[in-house]
Amino acid sequence: MGYANKPELAVVGIETSKLHLKAVLLRDGALLCKVLENDMAGYRWLRSWLQKNEVDVAGLRVCLRLDAPHSDITARSLALMGMQVCDAPPAALAQFARDHGLDVQGMGAVLLAHYAAAAQPPRWTPPPPAYMELRLWLQRLQAVQAVRRQEATRLDGHLQAGQQALHALLQQQIACLDQQIAEHEEVILAHLRRHPNLDQPPELAGQHQRVARLAFPAEKATRL
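The notes below deal with the structure included here. Computed from a predicted structure; not experimentally measured.

Looking at the sheet that holds strand β5 (residues 84-87)
Then, in step 1: The strand order across the open sheet built from five strands is β3-β2-β1-β4-β5, with neighbouring strands paired in mixed fashion. Of all strands in the sheet, those bounded by a partner on one side alone are β3 (30-37) and β5. Within this sheet the neighbouring strands show an average axis-to-axis angle of 25°, counted without direction.
Then, in step 2: Bridge count for strand β1 (residues 10-16) against strand β2 (residues 20-27) is seven bridges, and the pairing is antiparallel. Each bridged residue has a counterpart across the sheet, and for Ala10 the counterpart in β2 is Arg27.
Then, in step 3: Helix α1 (residues 40-52) rests against β1, β2 and β3 of the sheet, and its axis sits at about 155° to β3.

Structure (structure tokens):
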């Protein structure tokens, strides 16, 4: 069958995780599945796999859930390869699954491929590098804050158990973490000042509202 003459019939659904991608190629009703590593080598293997299956990757519709963890770099990398990356918003995907009697939880990449073929969601435009850098800084800040919270929960336990040396050591470590948090926030604030027109990522309205209040006038921060 001449699939190479009908590239518009091919779509790909991709389910992301920290280490792997599950890619499902849907073409003329047939499904092919491939599991790859979620890194640059995996993206190149995906391109090679598609080409071996006579699929032109230029403009190929690839559908992901961009709200899912570990999807940002995947989406950006595939877009830079010339693929037409599309988002599957959770509400729209769930409605599509209900309308077609599909399991939104259990089908993953298969559901995304069917959604891309039927709904033809619009092309996603990668955000500028400054936005991606901001999100990485915010994620790093969140990781340091999580470690600080874990250490703080242990502090009283050491004191109540009479472990004075551990308590003092933990206090020093928490002070170091506080310093790291302050340094991360200063870097983020400087980045925001250099890019005043940058779209604000969801983290600023979630875990990092204090940073948002420092970076923007109060009337703007309230709208985040």
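Resuming the write-up.
Notes on the side chain of His167
Then, in step 1: Within the secondary structure, His167 is located in helix α6 (residues 164-194).
Then, in step 2: The contact partners of His167, leaving out residues within four places of it in the chain, are Leu155, His158 and Leu159.

Notes on helix α4 (residues 109-119)
Then, in step 1: Turning to α4, its buried residues number three or more, namely Ala109, Val110, Leu111, Leu112, Ala113, Tyr115 and Ala116.
Then, in step 2: Considering only its buried residues, α4 is in contact with β1, β2, β3, β4 (61-64), β5 and α3 (90-99).
Then, in step 3: The positive-phi residue at the C-terminal boundary of α4 is Gln120, with phi of around 45°.

Looking at helix α5 (residues 129-160)
Then, in step 1: Between its terminal C-alpha atoms α5 stretches 48 Å, which fits the 46 Å expected from 32 residues at 1.5 Å a residue.
Then, in step 2: One or two residues past the end of α5 sits Gly162, with phi positive at roughly 75°.

The rules behind these values
- Residues numbered from 1 in each chain as written.
- Predicted model: local features only at pLDDT ≥ 70, side-chain atom pairs only at ≥ 80, totals over all residues.
- Heavy atoms only, no water.
- Pairing = 2+ DSSP bridges.
- Helix = DSSP H or I, 4+ residues; strand = E, 2+ residues; numbered from the N terminus.
- Axes fitted to C-alpha atoms, helices over the stretch in contact; angles between N-to-C directions.
- Contact = heavy atoms within 4.5 Å.
- Buried < 20%, exposed > 50% of the residue type's maximum accessible area, 1.4 Å probe, protein only.
- Expected span 1.5 Å × (residues − 1).

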